[in-house]
Amino acid sequence: MIRIAALGGPYANPFALRAVLDDAEARGCERIFCLGDLGGFGADCDGIWPLLTDRGVQCIAGNYDVAIARGDADCGCGYADERDNHYAQLIYDRTLVSTSPTFAAWMRDLPLEHRETIGGVDVHMVHGSPLAINDFVWESMSDDELRMRVVLSGADVLLCTHTGMPWQRRVDGTLVVNVGAVGRPANDGRTDAWYAVLEFDGDHASAELVPVAYDWRAQARSMREAGLPEVFVETIETGWWTTCLEIVPPRERARGRFHVYREALPSGFAQDGLGWSDVAARPDDARPVVSLFGTAAFPARLWLYTNFHCNLACRYCVVASSPRADPRSLGLGRVCALVDEAVRNGFEEVYLTGGEPFIERDIVAMLLYASERLPTVVLTNAMLFVGRRGRELQRLAGRDGLTIQTSLDGARAATHDAWRGTGSFERALDGIGVARELGLPLRVAMTQTPENAGEVDELRQLLADVGVVGEAFAVRPLVGRGFASAQDGALAVSDAVVAPELTVTADGVHWHPIGGDLGASPDLLVALGDVSLAEGKRLVVERFLKLRQADGSLPAAFRCAV
């Protein structure tokens, strides 16, 4: 059995490098290889050199080392976005002037790759890939993309780094290992350094990716003392990347805390009356990057479809609810668990919708539980606030943090009832009166139809008479989903033009509440089954970034919540 260590990107972090070398020796690694990028990011590039030479580490050059040795104008990292290049240039300029000429000269003699047979295994070590020294080999690459690099190498084991994120996979019998980086965290919220330990038993090779704790506080202190920008220090202290994000593919980037540069986010949305968002802009904390979640691009609003059956069969219902619909109820236990999960995951409000939520026997218990923990809105046609349900509703009287939202689709019964059923207008007004008597905040939305286009001002006055004023009343467009999928004039929507609002149903997780029905909107499904909210958020961010990369634009926000 032969055991070796392979590491990448010391990045001028002697504290991490020392810890990794100690760990490799303690694990019985007979030889240690470094795949390049000795400087950059940290403050003490020269501090790397004696650790490498004294421990007999065999090195190849990374793009950074080639650039420093030649005195190039930039690092040659391979970034395409100007913001990524801006931060790369900041740290490269500092490294170039602070690296000693003797160390730079030593780097000049480093080979660009290393290949040898270890045991009975052909091992090829490169910095980026066999294609280029600055080629980014990501875990999310397809087998076909990796195969192109594997074929060019022809080795049994291909070792690389450059991306700073460790992973391994076999492609057509070749073991591909990205050994990660020592001097910079892996954008996983851990402060550890990463490297790979490889074992060779005859003609078989295996790899273990190893995290190593080190004195990151000392590294952060040295960077501050050297006057490096705080944005770099924060990554060392938190394990989350705060620069050079645009090069990272959606799958890897969605796992991180930050997703886009702040300046890339819109301040609001406007698109032919569709665009709308009430999400306040995040305060500027001087950090150049932000998380998508909690911004206008991905509001921290959770939607829960308590059920899908309904006492009405509205002609425009986007989720095709009706008395005959499969109930697909979440149930009290699941709703309570989701609310608790929402609190832990940073959601700021929760919306309960359906179907008609007040068909659910436990809806009041759900609302009590939710509104004790988060601002809560329940969407209802307000027609069932009678009998047992009316008595149950009294438990919500004066409830802080709870809002009743209903719909009126015209100022007259004939206009409203044409889409929602005979008698529904008067019963909805009665329900609004009940909620008002109980002291529950009210909001009303009107869905635009050919019949009600001229009644907006009249309806606004009608609602003002019962205390629904200002932003508590909204008009939203008719959407071509569900029962209205073939309706003339209905708005065509997709995930490419609608900003996400995480939605949970008994079927799974969806992009937006207008796509909550699996049958009517399979394209807006994010994942089937009982998916955690954390995973749902990650999947939405990944999908958002893929959509955004298609043309560089951001989706608009659909006015569903009033």
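Above: the structure in question.
Quick summary incoming for the structure in this document.

Each value, and the rule that gives it
- Residues numbered from 1 in each chain as written.
- Predicted model: local features only at pLDDT ≥ 70, side-chain atom pairs only at ≥ 80, totals over all residues.
- Heavy atoms only, no water.
- 1 Å grid on protein atoms, 1.4 Å probe; cavity = no way out; pocket = protein on both sides within 12 Å on 5 of 7 lines; lining within 4 Å.
- Points joined across faces, edges and corners; volume = space filled by probe spheres on them.
- Helix = DSSP H or I, 4+ residues; strand = E, 2+ residues; numbered from the N terminus.
- Nonpolar A, V, L, I, M, F, W, Y, C, P; charged D, E, K, R; others polar.
- Pairing = 2+ DSSP bridges.
- Contact = heavy atoms within 4.5 Å.
- Axes fitted to C-alpha atoms, helices over the stretch in contact; angles between N-to-C directions.
- Parallel < 35°, antiparallel > 145°, perpendicular 65-115°, else oblique.
- Left-handed = near helix turned anticlockwise from the far one by under 90°.
- Salt bridge = Lys/Arg side-chain N within 4 Å of Asp/Glu carboxyl O.
- Buried < 20%, exposed > 50% of the residue type's maximum accessible area, 1.4 Å probe, protein only.
- Disulfide = S-S within 2.5 Å.
- Phe/Tyr/Trp six-rings, centres within 6.5 Å; stacked < 30°, edge-to-face > 60°.
- Lys NZ or Arg CZ within 6 Å of the ring centre and 35° of its normal.

Attention now moves to empty space enclosed by the protein. The full count for this structure, using the stated rule, is 3 cavities of 30 Å³ or more. Its volume calculated, the largest cavity comes out at about 540 Å³. Contributing to the lining of the largest cavity are 31 residues, with Tyr-316, Cys-317, Gly-354, Ser-407 and Arg-476 lying nearest its centre. Of all the secondary-structure elements, those providing two or more residues to the lining of the largest cavity are strand 13 (301–305) and strand 16 (402–407). Among the residues making up the lining of the largest cavity, the classes are represented as 18 nonpolar, 10 polar and 3 charged. Of the residues assigned to the lining of the second largest cavity, the class counts are 16 nonpolar, 5 polar and 2 charged.

Time to look at the sheet that holds strand 17 (residues 442–447). Read across the open sheet, the 9 strands follow the order 18-17-16-15-14-13-19-20-21; overall the sheet is mixed. Edge strands, defined here as strands with exactly one partner in the open sheet, are strand 18 (473–476) and strand 21 (525–528). Pairing geometry for strand 13 and strand 14 (residues 349–353), over 5 bridges, is parallel. Within strand 14, the residue paired with Leu-304 across the bridge is Leu-352. Where helix 14 (residues 424–437) meets the sheet, it contacts strand 16 and strand 17, and its direction lies at approximately 160° from that of strand 17.

The next point concerns unusual backbone geometry. Positive phi values are uncommon outside glycine, yet His-162 reaches one of about 75°. Among the secondary structure elements, His-162 is positioned in the loop between strand 6 (157–160) and strand 7 (167–171). Positioned with a positive phi, Asn-187 is a non-glycine residue whose angle comes to about 55°. Within the secondary structure, Asn-187 is located in the loop between strand 8 (174–178) and strand 9 (193–201).

Before going further, it helps to examine the sheet that holds strand 2 (residues 31–34). Pairing is mixed across the open sheet formed by 5 strands, whose spatial order is 3-2-1-9-10. Looking at strand neighbours, the two that pair on one side only are strand 3 (58–59) and strand 10 (204–212), the edges of this open sheet. Looking at chain direction, strand 2 and strand 3 are connected through 2 bridges and run parallel. Directly across from Phe-33, in strand 3, lies its bridge partner Gln-58. Across the face of the sheet, helix 1 (residues 14–26) comes into contact with strand 1 (2–7), strand 2, strand 9 and strand 10 while running at roughly 25° to strand 9.

Attention now goes to the packing of helix 10 (residues 332–344) against helix 11 (residues 363–371). Any two packed helices are characterised by the angle at which their axes cross and by the distance between the axes. Where helix 10 contacts helix 11, the two axes come as close as 10 Å, and the packing angle between them is 10°. The angle between helix 10 and helix 11 falls in the class roughly parallel. Both helix 10 and helix 11 take part in a crossing whose hand is right-handed. Across from Leu-332, Val-335, Cys-336, Val-339 and Asp-340 in helix 10, the residues of helix 11 making contact are Ala-365, Met-366, Tyr-369 and Ala-370.

Let us now look at the pattern of salt bridges. Across all of its chains, the model carries 41 salt bridges by this definition. Residue Arg-253 pairs with Glu-246 through a salt bridge whose shortest N-O separation is 3.7 Å. Each member of the pair Arg-253 and Glu-246 is classed as buried. For the salt bridge of Glu-246 with Arg-548, the shortest nitrogen-to-oxygen distance reads 3.3 Å. Of this pair, Glu-246 sits in the loop between helix 8 (230–238) and helix 9 (250–254) while Arg-548 sits in helix 16 (residues 533–551), placing them 302 residues apart in sequence. Overlapping salt bridges bring together Asp-81, Arg-83, Glu-246, Arg-253, Glu-263 and Arg-548 as one network.

Below, the discussion takes up the environment of Phe-258. For Phe-258, the position within the fold is in the loop between helix 9 and strand 11 (260–261). Since its relative accessible area comes to 4%, Phe-258 is described here as buried. A C-alpha to C-alpha distance of 37 Å links Phe-258 and Gly-154, two positions 104 residues apart in sequence. Once you skip the residues sitting within four places of it in the chain, Phe-258 turns out to touch Glu-234, Trp-240, Trp-241, Thr-242, Leu-245, Arg-253, Arg-287, Val-289, Val-290 and Ser-291.

Inspection of the entire model under this criterion finds 1 disulfide. With a sulfur-sulfur separation of 2.3 Å, Cys-75 is cross-linked through a disulfide to Cys-77. What sets the handedness of the Cys-75 and Cys-77 disulfide is the S-S torsion sign, and at about -135° it is left-handed. For Cys-77, a relative accessible area of 9% puts it in the buried group. Cys-244 carries a free sulfur, and the closest cysteine sulfur to it, the one in Cys-77, is 7.2 Å from it.

Evaluated as defined, the whole model comprises 14 aromatic pairs. Considering the side-chain rings of Tyr-79 and Phe-136, the 6.0 Å spacing of their centres and the 25° angle between planes classify their relative orientation as stacked. Within this pair, whereas Tyr-79 is found in the loop between helix 3 (63–70) and helix 4 (82–98), its partner Phe-136 is found in the loop between strand 5 (121–125) and helix 6 (143–153), the two being separated by 57 residues in sequence. As far as the burial class goes, Tyr-79 and Phe-136 line up, both buried. Considering the side-chain rings of Phe-136 and Trp-138, the 5.6 Å spacing of their centres and the 5° angle between planes classify their relative orientation as stacked. Of the two residues examined, Phe-136 and Trp-138, each falls in the buried class. Here the aromatic cluster, defined as three or more aromatic residues joined through ring pairs, consists of Trp-49, Phe-103 and Trp-106. A cation sits over an aromatic face here: Lys-537 above Phe-293, 4.0 Å from the ring centre.

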